Amino acid sequence: MHDKTARLTTDEYTQVAPVVRLVIALLVSAVAAGLAYAVSSLPLVTTGLQEAVAEQMAQSGVSHPVTAVLLNFRGYDTLLEMGVLLLALVGVWSLGSAPSSREPPPGAVLEFLTRFFAPLMILIAGYLLWAGAHAPGGAFQAGAVLGASGVLLLLSGWHLPASLAGWPLRLTLVAGLAVFAAVAAGVMWTGASLLEYPPQWAGGLILLIEAAATLSIGATLAALFLGGRPEDSP
Amino acid sequence: MFGYLKKFERVVVGALILMLALVAGYWIAKKTNRDAQNA
């Protein structure tokens, strides 16, 4: 068994049994064939769903059509996107520990700018999250800004404190998907379908999902930049 | 096969597979029910 804390070498990757490789190849081929069939089945000319979205906007809980589509009408897609993001991070972490930072300590100018910009970016992320209900914005944009502030901090020599690198980080990473899945399934207690928010609660539920998703997306993007699993992690 | 994953990562992968299976099962059941009603 290889050392789990070390980075895997190319030789270790190629030790996968041929049968497993064949199964993986068949599964990937099946997915590719399914995607090709789906794409070839699409109508050549389509009127789109603008009118259908516009008709249902009052039920969505928000006033911006993109947010309504992403978080309500097409919730399945966004829910699974959160899963894909988390899976990408698990893939990176499976490669081994994060390489030790080679960034030199920041100079006075960079340190000042980082201290100035990081809180400002967090504020902008909060604004984008809130604005998403009625204007362009939302969890992914806010999460991207939050992730960028994390990257800026990491580039300027900041380290995640060891007390936060364990379960607090992991809870933040899974919070978005967990809250989304809990709300998606929770509304079924009211007799609705999966992801079918009651119109009177839709606005609040979407904000709750987006708030958790913003934190998770930001933390995931910054953690992806680290390039590996934080040290001393469970 | 998953020896290179630590506990947290195994839990995440397991939960994602379970969630995907549940969502797919729910969607198939709902579609089957809708098709039966339309028939």
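Residues numbered from 1 in each chain as written. Chains lettered and ligands numbered in written order. Predicted model: local features only at pLDDT ≥ 70, side-chain atom pairs only at ≥ 80, totals over all residues.

Residues and numbers for the overall build of chain A, please.
Summing up its helical and strand segments, chain A has 10 helices and 0 strands in all. For chain A, the sequential pattern of α-helices and β-strands runs α-α-α-α-α-α-α-α-α-α. When the backbone C-alpha atoms are referred to their principal axes, chain A occupies close to 55 × 55 × 40 Å. Relative to its full complement of 234 residues, chain A shows a buried share of 26%. (Helix = DSSP H or I, 4+ residues; strand = E, 2+ residues; numbered from the N terminus. Buried ≥ 20, exposed ≤ 12 C-beta atoms within 10 Å, placed from the backbone.)

Now, about unusual backbone geometry: what can you tell me, with residues and values included?
Of note, Leu-195 of chain A is a non-glycine position whose phi angle comes to about 70 degrees, a positive value. Relative to the elements of secondary structure, Leu-195 of chain A occurs in the loop between helix H9 (167-186) and helix H10 (199-226).

So what's going on with helix H1 (residues 7-38) of chain B? Which residues, and what values?
Owing to its 3.6 residues per turn, the α-helix aligns residues three or four sequence positions apart on the same side. With 32 residues, H1 of chain B extends 46 Å between its outermost C-alpha atoms, agreeing within 8% with the 46 Å of an ideal straight helix rising 1.5 Å per residue. Of all the 32 residues making up H1 of chain B, 2 are buried; the element is thus mostly uncovered. (Expected span 1.5 Å × (residues − 1).)

Tell me what's going on with the packing of H9 of chain A against H10 of chain A, and back it up with residues and numbers.
Residue and element names in this part refer to chain A. At their nearest, the axes of H9 and H10 sit 8 Å apart, and the two run at 150 degrees to each other. As for the relative orientation of H9 and H10, their crossing is left-handed in sense. Of H10, the residues touching H9 (which contributes Leu-169, Thr-172, Leu-173, Val-174, Ala-175, Gly-176, Leu-177, Val-179, Phe-180 and Val-183) are Leu-205, Leu-208, Ile-209, Ala-212, Ala-213, Leu-215, Ser-216, Ile-217, Ala-219, Thr-220 and Ala-223. Each residue belonging to the contact of H9 with H10 can be placed in one class, and the counts come to 17 nonpolar, 4 polar and no charged. (Axes fitted to C-alpha atoms, helices over the stretch in contact; angles between N-to-C directions. Left-handed = near helix turned anticlockwise from the far one by under 90°. Contact = placed C-beta atoms within 7 Å. Nonpolar A, V, L, I, M, F, W, Y, C, P; charged D, E, K, R; others polar.)

How would you explain the packing of helix H3 (residues 50-60) of chain A against helix H4 (residues 65-73) of chain A if you had to name every residue and give the values?
All names here are of chain A. One way to put it is that H3 packs onto H4 with a least axis distance of 10 Å and a crossing angle of 70 degrees. In this view, H3 runs roughly perpendicular relative to H4, as classed from their interaxial angle. Where H3 abuts H4, its residues Val-53, Gln-56, Met-57 and Ser-60 lie against Pro-65, Ala-68, Val-69, Asn-72 and Phe-73. When the residues that make up the contact of H3 with H4 are grouped by side-chain class, the tally is 6 nonpolar, 3 polar and no charged. (Parallel < 35°, antiparallel > 145°, perpendicular 65-115°, else oblique.)

Please give an account of the confidence of the model for chain A that cites residues and values.
Averaged over every residue, the pLDDT of chain A is 88; the share at 70 or more is 91%. Counting contacts from residues 1-5 of chain A, a segment whose pLDDT is below 50, to residues more than four positions away or on other chains yields 7 contacts. (pLDDT = per-residue confidence, 0-100.)

Would you mind going over the nonpolar core in detail, with residue names and values included?
All names here are of chain A. Grouped together as the largest cluster of nonpolar side chains are 41 residues, with contacts concentrated most on Met-82, Leu-86, Ala-142, Phe-180, Ile-209 and Ala-213. Counting only elements with at least two residues in this core, the list comes to H4, helix H5 (75-93), helix H6 (108-131), helix H7 (139-155), H9 and H10. Ranked by the residues each element gives to this core, the list is headed by H10, at 12 residues. Setting aside anything within four residues of it in sequence, one finds Ala-142 in contact with Ala-125, Leu-128, Leu-129, Gly-137 and Thr-214. (Core = buried A, V, L, I, M, F, W, Y, C linked by C-beta atoms within 7 Å.)

Just give me the short version of the confidence of the model for chain B, but keep the residues and values in it.
Taken over all residues, the pLDDT of chain B has a mean of 88, while the share at 70 or more is 92%. Predicted complex, confidence summary: ipTM 0.83, pTM 0.81.

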